[in-house]
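# Reading the structure
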Amino acid sequence: MPEGHTLHRLARLHQRRFGGAPVAVSSPQGRFAEAAAAVDGRVLRKSNAWGKHLFHHYAGGPIVHVHLGLYGTFTEWERSEELPEPVGQVRMRMVGAEYGTDLRGPTVCEVIDEAQASEVVAKLGPDPLRSDADPAWAWNRITKSRRPIGALLMDQTVIAGVGNVYRSELLFRHRIDPYRPGRAVSEAEFDAAWTDLVALMKVGLRGGKIVVVRPEHDHGPPSYAPDRPRTYVYRRAGEPCRVSGDPICTAVLEGRNVFWCPTCQSEPPG
């Protein structure tokens, strides 16, 4: 599932490609056809993101709300005299003066109003990539919870935008066992982790890739995929830790695989 920086990159890209001008919106697949007609030909005023949610604000009030889920993706193409034939099940097609983009496989693609958009956002925690993020709100939830911190970080109502990669890597970087209860995380640990998370997600926003390994550890076994930077623990179960050399562990935590080094992330004494 795409993490929060991906949605912010899409919001910025769509603002550049389509913002301030009329956009032709359609649904080649047909599932979004009636909603697409409500925004077709309107000016895209603003494109923004909160966590893993993307919002296209059109003149006159309607908002297209997209959540990519596990399989959703946008593909972009430059316009020519003839529009390309849709490939696969295209839920939504946007066509501007110079570019077009096709959306396939989202969990959510709907037209809502401002009140409904506010309801979506009200259910989300602070987004580390937004200037208005309030980490104290997330800390208040974490410090009162007995749930493992590894689960809390993935809970979008606690912090919006964190996915499995940032969750596992952030906890490793701060030597926190993913199974430690939220209430056992100190405020100093949380503050340091939040500051680091903001910085890491900004790197992802700028470059489009999650980069988490410090230069002094950026060696040894390759990444889990050919086109991805190295990780410390994510998808490295059984491989040697880049710091301790001990095998990386994995387990299912509240329905998602979590990865950690039992040596580097051992519980503090007492």
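What this report covers is the structure whose coordinates are included nearby. (Residues numbered from 1 in each chain as written. Predicted model: local features only at pLDDT ≥ 70, side-chain atom pairs only at ≥ 80, totals over all residues. Heavy atoms only, no water.)

## Section: the overall build of the protein chain
Quick reminder of the rule: Under the scheme used here, helices are H or I runs from DSSP no shorter than 4 residues and strands are E runs no shorter than 2 residues, and both carry numbers assigned from the N terminus. Think of it in three bands: residues with accessible area under 20% of the maximum for their type are buried, residues over 50% are exposed, and the middle band is partly exposed, with areas taken using a 1.4 Å probe on protein chains only. Whether two residues are in contact is decided by their heavy atoms, any of which lying within 4.5 Å being enough. Think of it this way: Lys and Arg go in the positive column, Asp and Glu in the negative one, and His and the chain ends go nowhere. In plain terms, the charge of a residue is placed at NZ if it is Lys, CZ if Arg, CG if Asp and CD if Glu.
The secondary structure content of the protein chain amounts to 7 helices and 10 strands. Reported as C-alpha extents along the three principal axes, the dimensions of the protein chain are approximately 65 × 40 × 30 Å. Looking at the protein chain residue by residue over its 270 residues, the buried ones come to 48%. Put simply, of all contacts in the protein chain between residues at least 6 apart along the chain, 59% involve residues at least 24 apart. In the protein chain, 34 positive and 31 negative side-chain charges are present, and the distance between their average locations comes to 2 Å.

## Some words on the sheet that holds strand β6 (residues 90–95)
The strands making up a sheet associate through hydrogen bonds between their backbones, and the pairing can be parallel or antiparallel. Selection criterion: Strands qualify as paired when DSSP identifies two bridges or more between them. Here an angle of 0 to 180 degrees is reported between the N-to-C directions of two axes, which are lines fitted to C-alpha atoms, with helices fitted over the stretch in contact.
Judged by pairing direction, the sheet is antiparallel, and its 4 strands sit side by side in the order β1-β6-β7-β5 without closing on themselves. One side of each edge strand has no neighbouring strand; the edge strands of this open sheet are β1 (24–26) and β5 (73–78). For this sheet, the mean angle separating the axes of adjacent strands, direction not counted, is 15°. Where β5 and strand β7 (residues 99–104) come together, 6 bridges link them in antiparallel fashion. Bridge assignment links Trp77 to a residue of β7, and that residue is Gly100. Lying over the sheet, helix α1 (residues 4–18) contacts β5, β6 and β7, oriented at roughly 145° with respect to β7.

## Remarks on the pattern of salt bridges
Should the charged atoms of two oppositely charged side chains come close, the side chains can pair. Where we set the bar: One side-chain nitrogen of Lys or Arg within 4 Å of one carboxyl oxygen of Asp or Glu is enough to make a salt bridge.
Across all of its chains, the model carries 12 salt bridges by this definition. A salt bridge links Asp102 to Arg93; the nearest nitrogen and oxygen atoms lie 2.8 Å apart. Note on accessibility: Asp102 and Arg93 belong to one class, buried. Here Arg104 makes a salt bridge to Asp102, at a shortest N to O gap of 3.9 Å. For the pair shown, Arg104 and Asp102 are each scored as buried. Salt bridges sharing partners connect three or more residues here, namely Arg93, Asp102 and Arg104.

## Comments concerning the side chain of His14
Examined against the element boundaries, His14 turns out to sit in helix α1. Residue class for His14 comes out buried when judged on its relative accessible area of 1%. Filtering out sequence-adjacent residues up to four positions away, His14 remains in contact with Gly19, Leu44, Ser47, Leu54, His56, Phe74 and Thr101.

## Focus: empty space enclosed by the protein
Picture a little ball the size of a water molecule; that probe, rolled over the atoms, points out where space is still empty. Quick note on the threshold: Any residue with an atom within 4 Å of a point lines the site, the site being either a cavity, points on a 1 Å grid over the protein atoms alone where a 1.4 Å probe fits but cannot get out, or a pocket, an open set with protein on both sides within 12 Å along at least 5 of 7 lines. Grid points are joined across faces, edges and corners, and a volume is the space filled by probe spheres set on the points. All amino acids are sorted into three groups, where Ala, Val, Leu, Ile, Met, Phe, Trp, Tyr, Cys and Pro are nonpolar, Asp, Glu, Lys and Arg are charged, and the leftover types, Gly among them, are polar.
Taken as a whole, this structure holds 1 cavity of 30 Å³ or more when the rule is applied. Volume-wise, the largest cavity comes out at about 100 Å³. Lining the largest cavity are Ile149, Leu153, Ile159, Leu170, Leu171, Ile176, Val185, Glu189, Phe190, Ala193, Trp194 and Leu197. Of all the secondary-structure elements, those providing two or more residues to the lining of the largest cavity are α6 (164–173) and α7 (187–207). The biggest single contributor to the lining of the largest cavity is α7, with 5 residues. When its residues are assigned to classes, the lining of the largest cavity shows 11 nonpolar, no polar and 1 charged.

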